[in-house]
Amino acid sequence: MPVEDILTRGERSGLIRRLTGKDLIGFGIGIIIGTGVFTLAGIEAKDHAGPGVVLSFVIGGVVAALAALCYAELSSAVPTAGSAYTYGYATLGELFAWIIGWDLLLEFALGAAVVSRSWSGYVSNLLGLPPEWFGEDATVNVGAILIIAVLTAVAVIGIRESSWVTNGLVIVKVAVCVLVIVAGLFFFNGANLDPFIPPAQPAAETANPLEQPLVQVVLGMEQSMYGIGGVFTAAAIVFFAYTGFEALANLGEETRRPKRDLPVGLLGSLIVCTLLYVLVAIVLSAMVDYRQIDEGAPLAAAFQSVGQPWVAALIALGAVTGLTSVMMVELVTIGRIGFAMSRDGLLPPKLSQVHPKWGTPHRMTIGGAVVIMLMAGFIPISELADMVSIGALSGFVIVSLAVPVLRRTKPDLPRPFRVPLSPWLPIVSALACLYLMTNLDIITWLRFAAWLALGLLIYFAYGYRNARLAKPAPDTARD
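Structural notes, computed from the coordinates. (Residues numbered from 1 in each chain as written. Predicted model: local features only at pLDDT ≥ 70, side-chain atom pairs only at ≥ 80, totals over all residues. Heavy atoms only, no water.)

**Quick notes on unusual backbone geometry**
Then step 1. Asp194 connects to Pro195 through a cis peptide bond whose omega is 5°.
Then step 2. Tracing the backbone through its elements, the reader meets Pro195 in the loop between helix H8 (159–185) and strand S1 (201–202).
Then step 3. Between Ser422 and the following residue, Pro423, the backbone shows a cis peptide bond with an omega angle of 10°.
Then step 4. Here Pro423 shows up in the loop between helix H16 (388–409) and helix H17 (424–438).
Then step 5. Look at Leu421: it is not a glycine, yet its phi comes out positive at around 60°.
Then step 6. Here Leu421 shows up in the loop between H16 and H17. (Helix = DSSP H or I, 4+ residues; strand = E, 2+ residues; numbered from the N terminus.)

**Some details on the packing of aromatic side chains**
Then step 1. Evaluated as defined, the whole model comprises 13 aromatic pairs.
Then step 2. Between Trp98 and Trp102, the ring centres sit 5.5 Å apart and the planes meet at 15°, which makes this aromatic pair stacked. One end of the pair is Trp98 and the other is Trp102, both in helix H6 (residues 94–127) and 4 residues apart, which spans about a single turn. One exposure class covers both Trp98 and Trp102, and it is buried. (Phe/Tyr/Trp six-rings, centres within 6.5 Å; stacked < 30°, edge-to-face > 60°. Buried < 20%, exposed > 50% of the residue type's maximum accessible area, 1.4 Å probe, protein only.)

**A closer look at the side chain of Thr274**
Then step 1. You can see Thr274 is positioned in helix H11 (residues 258–287).
Then step 2. Among the polar contacts made by the side chain of Thr274, one reaches the main-chain carbonyl oxygen of Leu270 at a distance of 2.8 Å.
Then step 3. Thr274 has contacts with Gly61 and Tyr242, leaving out every residue within four places of it along the chain. (Polar contact = N/O pair within 3.5 Å; in protein donor to acceptor, adjacent residues only side chain to side chain. Contact = heavy atoms within 4.5 Å.)

**A short note on helix H13 (residues 309–343)**
Then step 1. For H13, spanning 35 residues, the distance from its first C-alpha to its last is 51 Å, which sits close to the expected 51 Å at 1.5 Å a residue.
Then step 2. Extensive coverage of H13 is indicated by the burial of 30 of its 35 residues.
Then step 3. Directly after H13, the chain includes Gly345, whose backbone phi takes a positive value near 90°. (Expected span 1.5 Å × (residues − 1).)

**Some points on helix H4 (residues 53–77)**
Then step 1. For H4, built from 25 residues, the straight-helix expectation of 36 Å at 1.5 Å per residue is met to within 8% by its first-to-last C-alpha distance of 36 Å.
Then step 2. H4 sits mainly inside the fold: 20 of its 25 residues count as buried.

**Considerations on the state of the cysteines**
Then step 1. For the structure shown, the criterion picks out 0 disulfides.
Then step 2. The cysteine Cys70 is free of any disulfide, with Cys433 supplying the nearest cysteine sulfur at 8.4 Å.
Then step 3. The structure places no disulfide on Cys177, whose sulfur is separated from the nearest cysteine sulfur, that of Cys273, by 8.5 Å. (Disulfide = S-S within 2.5 Å.)

These values are about where atoms sit, not about what they do.
Quick look at the structure:
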């Protein structure tokens, strides 16, 4: 699809430009800081990397920064809803656009379902709510369903209102992260950081061969944990914690000055979150021996173990607010991705209708929320979480490749922000994302392949026949 057509449709979308650069940074921090800092840091330290999880967060942050630079150039040049989906459409064609849009819908829907179940467990723990309705032991996780329903209503009412809710929650959870870092320094035990990268050791005999990282299988390595390989495996998994920044690129049509504010929001939120992640991981690793970390609530349990229950309670409160803001942004993002795909004819056109009063893609947002509630209500976290990182990384590969392609095909397109050292830096970004993908396990790749096959079936049955590729945008002035 021609870039000019994409930009024209963006101007006629009906979405209202209300967001500023500060709002975008708030959204970015809102979705990035959540499961990664409150859960994944402890799980990956215990299961794969030991104290070396600090390096895992650094590696994940560096790869995310490379991808964010590519996002910043594309989002400033093509500021429309759809982010990686739209960029793929403008550079690599319709089929690639469908694949990446399908991946993004998977990523954010699964992410919201995972976080809603985690939120339900934290709330149950904090308030003593009945476990048969809240938490992982519930047959139907009513808490997860209810929080998605409430946040969907906020997302539908308006993007500005969504940003107010998100920014308020961001203030609370950033304050909690700072509290963890400062208070944790008083219980810093350097002995727990030795060895910083535990020596590699064979996986347990009961380990599932399908849970072995792809790179180990390809290289003929024995299934193992810890060591440098464990650090990279943890990096591939904690990358889930960074993926939220791409949600900002979907807000191009609702940003007042997208060519300036989108790069500010993307890079600003990523820098802040990477710093917080690394510092929290250092403090957690120094407070508790990695083999003794509690996987359910690692930060809260760490402070309980040193006799500071009041800090643990504040951390639980921060986790609840942090996870709430993550779900809020993911719901907003799903609506914008589906809106863009529907507008291009790849999904039914009714999904791209904008609410006449609130100016939001309400039908796509509500439809996506219903699917999320079904998954969150009935499917355990362990079966939901595996595929989020692979969906994000595959999207980042396409975004990275789109930068040099668009520079070649549209050299005169205004680019307020330009990736330095192109095409080499975008190529490095794509290769780095691919390498992290190979550190994910075999079963994740099999599930990802099944999801792609389903997506291709839908594309050739509906999207290919109804797509608006090469059709001129309608003249809405005559409506």
